[in-house]
Amino acid sequence: MKPRTIPAFLTGVVFTFGIMILLGAGGTVKSPTGTAPDRYAYYPGTEELAKDEIRLIACGTGLPAARRDQAATCFLAEVGNGDKFLFDVGTGSMANVAALMIPYDFLDKVFLTHLHTDHWGDLATLWAGGWTAGRTKPLRVWGPNGATPDMGTAYAVEHFLKAYNWDGKTRDFVLSAEPGKISVKEFDYKAVNAVVYQENDVTIRSVPAIHAGDGPVSFILEYAGLKVVIGGDTFPNKWYIEHAANADLAIHETFLTPADLVRLYGQSPAQAIGVGTQIHTSPQAFGKVMSTIKPRHAVGYHFFNEQATHDDILRGVLQTYTGPLSLAVDNMVWNITKEKITERMIVSPDQAWAVNGPNRPPKPPAPGSVPDPISDFIKAGRWKPAEKAQASMVNSFKKEHGLD
Ligand SMILES: [Zn+2]
Ligand SMILES: [Zn+2]
């Protein structure tokens, strides 16, 4: 679990823009039975967040094509007042979110930068998985409108629920329908630095992005005098430059180099130069963005991060930016306070179970109140020897739990 993304000259304690950045391990082990005080690792659920602190976790940093060690875009922001915000929930990312063992009731707020599957494909997993694993209330989704109604977030979520109609109707019969609902707050994708969320001392604003079509945005989260910018897919744009300036943590995509898009992603040179430098942000352009807005810490993502691609991208970035930098992989975590920003890797179980929150699950529907989705024809096909084989186990379980 070594952080692969810090250039050698940035490891340890460095001073940049007059601010101390702490990266990696350190301290002193004071006795043979003692513990190491500072570690590279963050173990989820073991550290209380300070009131004036933000914990930002990369739960997906990859691409639309699947890769086991990198899901598609998803960032989780946890702020010191207890609120948590998912920014995008790209395909595959919920496995990383689930490994944090955060009760699903605390994961009810989702902000979508745009509607490519690598940014919202795992909404299905959060929606249905969370419903079965303890969420007691509807999901809340914020996202941009589009140039026409059918290109906006409200349309997308409405038709998402239609596509998953069978899933929803069959769960409604055995679970409360309430956690299976999704409320959508759609906002104007053209609005510049407009407030899209303001509750409990947290403000989230959006700025337009330039990517593939009208609609995409980036988000700016402000809390406790700290500013974290979550950049969605974009070619570098004037709105990000103006409103992400002086961020504490600035996340912005940096795409694979055109050469690597040809070599590794099988793209034609014509496609690679278009995708890598017009629809997305090249490493050199990413560096120029960061050396212009001067964040306390810069984060680049949205590429399959392996030694070769990492080094190619880093070389490009260093042509235009030499400040504090993470080239993100999944399960990288940043703790952000006024005093310091740390980057660590998460150590979490592959086999995490969901953990209940303080709220009791809502009651399942009363018998007869929801149409039975299984017909008598199908019920009549139940194989009797199976009932017989499990009868003793079923009876003792019912007795133990006082069921009829
Ligand atoms: Zn996209
Ligand atoms: Zn994307």
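Summarised in this report is the structure supplied together with it.

Here the focus is the coordination of the zinc ion (ligand 2). Protein coordination at the zinc ion (ligand 2) comes from Asp118 (OD), His119 (NE2), Asp233 (OD) and His302 (NE2), with a distance range of 2.0 to 2.2 Å. Coordination at the zinc ion (ligand 2) is irregular, judged from the four donor atoms that bind it and the angles of 90 to 160 degrees they form at the metal. All donor residues of the zinc ion (ligand 2) come from one chain, and their arrangement in sequence is D-H-x113-D-x68-H. Separating the zinc ion (ligand 2) from the zinc ion (ligand 1) is a distance of 3.4 Å, and aspartate 233 supplies a donor atom to each of them. With histidine 119 in helix α2 (residues 117-120) and histidine 302 in the loop between β15 (297-301) and α10 (307-318), this residue pair connects regions lying 183 residues apart in the sequence. Both residues of the pair, histidine 119 and histidine 302, belong to the buried class.

Okay, the coordination of the zinc ion (ligand 1) next. Each protein donor to the zinc ion (ligand 1) is listed here as His114 (NE2), His116 (ND1), His211 (NE2) and Asp233 (OD); together their distances run 2.1 to 2.4 Å. Angles of 93 to 167 degrees at the metal separate the four donor atoms of the zinc ion (ligand 1), which places the site in the irregular class. Since its relative accessible area comes to 4%, histidine 211 is described here as buried.

In strand β6 (residues 84-87), alternate side chains face the same way, and those of Lys84 and Leu86 on one face and Phe85 and Phe87 on the other are all buried. Both strand β5 (residues 74-79) and β6 contribute to a ladder of four bridges, which runs antiparallel. Each bridged residue has a counterpart across the sheet, and for leucine 76 the counterpart in β6 is leucine 86. What sits between the antiparallel neighbours β5 and β6 is a turn of four residues, in which glycine 82 has the positive phi angle 105 degrees. Note that β6 and strand β7 (residues 109-111) share two bridges and pair parallel. Note on β7: the bridge partner recorded for phenylalanine 87 is phenylalanine 111.

Counted according to the given criterion, the structure contains 15 aromatic pairs. Ring geometry for tryptophan 127 and tryptophan 131: centres 5.5 Å apart, planes at 50 degrees, overall tilted. Placement of both tryptophan 127 and tryptophan 131 in helix α3 (residues 123-132) is noted, with a separation of four residues, approximately one turn of the helix. Side by side, tryptophan 127 and tryptophan 131 carry an identical accessibility label, which is buried. Grouped by ring-pair contacts, the aromatic residues Phe85, Phe87, Phe111, Trp142, Phe187, Tyr197 and Phe219 constitute a single cluster. Stacked on the ring of phenylalanine 304, the Lys or Arg arginine 67 has its end atom at 4.3 Å from the ring centre. One cation-aromatic arrangement involves lysine 109 over phenylalanine 85; the distance from NZ or CZ to the ring centre is 5.6 Å.

This part covers the sheet that holds strand β8 (residues 139-144). The sheet built from nine strands is open, its strands ordered β3-β18-β17-β4-β5-β6-β7-β8-β9 with mixed pairing. Looking along the sheet, the strands with just one partner apiece sit at the ends: β3 (41-42) and β9 (182-187). Sitting on the sheet, α3 touches β6, β7, β8 and β9, and the angle it makes with β8 is about 165 degrees. Along the sheet, helix α4 (residues 153-163) makes contact with β8 and β9, crossing β9 at roughly 160 degrees.

Together, Ile374, Phe377 and Ile378 make up an exposed nonpolar region whose accessible area comes to about 350 Å². When you line up the elements, isoleucine 378 lands in helix α11 (residues 376-379).

Counting across every chain of the model gives 17 salt bridges. With a closest N to O distance of 3.2 Å, lysine 162 and glutamate 158 form a salt bridge. Linking lysine 162 with glutamate 158, this pair stays in helix α4, spanning four residues, or about one helical turn. The closest approach of N and O atoms between aspartate 404 and lysine 398, which form a salt bridge, is 4.0 Å. On the basis of relative accessible area, aspartate 404 is assigned to the exposed category, the value being 86%. Since its relative accessible area comes to 31%, lysine 398 is described here as partly exposed.

The rules behind the values
- Residues numbered from 1 in each chain as written.
- Chains lettered and ligands numbered in written order.
- Predicted model: local features only at pLDDT ≥ 70, side-chain atom pairs only at ≥ 80, totals over all residues.
- Heavy atoms only, no water.
- Donors = N, O, S within 2.8 Å, 3.2 Å for Na, K, Ca; no water.
- Tetrahedral: all angles 85-135°; square planar, octahedral: opposite > 155°, others 65-115°.
- Helix = DSSP H or I, 4+ residues; strand = E, 2+ residues; numbered from the N terminus.
- Buried < 20%, exposed > 50% of the residue type's maximum accessible area, 1.4 Å probe, protein only.
- Pairing = 2+ DSSP bridges.
- Phe/Tyr/Trp six-rings, centres within 6.5 Å; stacked < 30°, edge-to-face > 60°.
- Lys NZ or Arg CZ within 6 Å of the ring centre and 35° of its normal.
- Contact = heavy atoms within 4.5 Å.
- Axes fitted to C-alpha atoms, helices over the stretch in contact; angles between N-to-C directions.
- Patch = residues over 30% accessible without salt bridge, like charges linked within 9 Å, V, L, I, M, F, W, Y side chains within 5 Å.
- Areas by Shrake-Rupley, 256 points an atom, 1.4 Å probe, with all protein chains shown as cover.
- Salt bridge = Lys/Arg side-chain N within 4 Å of Asp/Glu carboxyl O.

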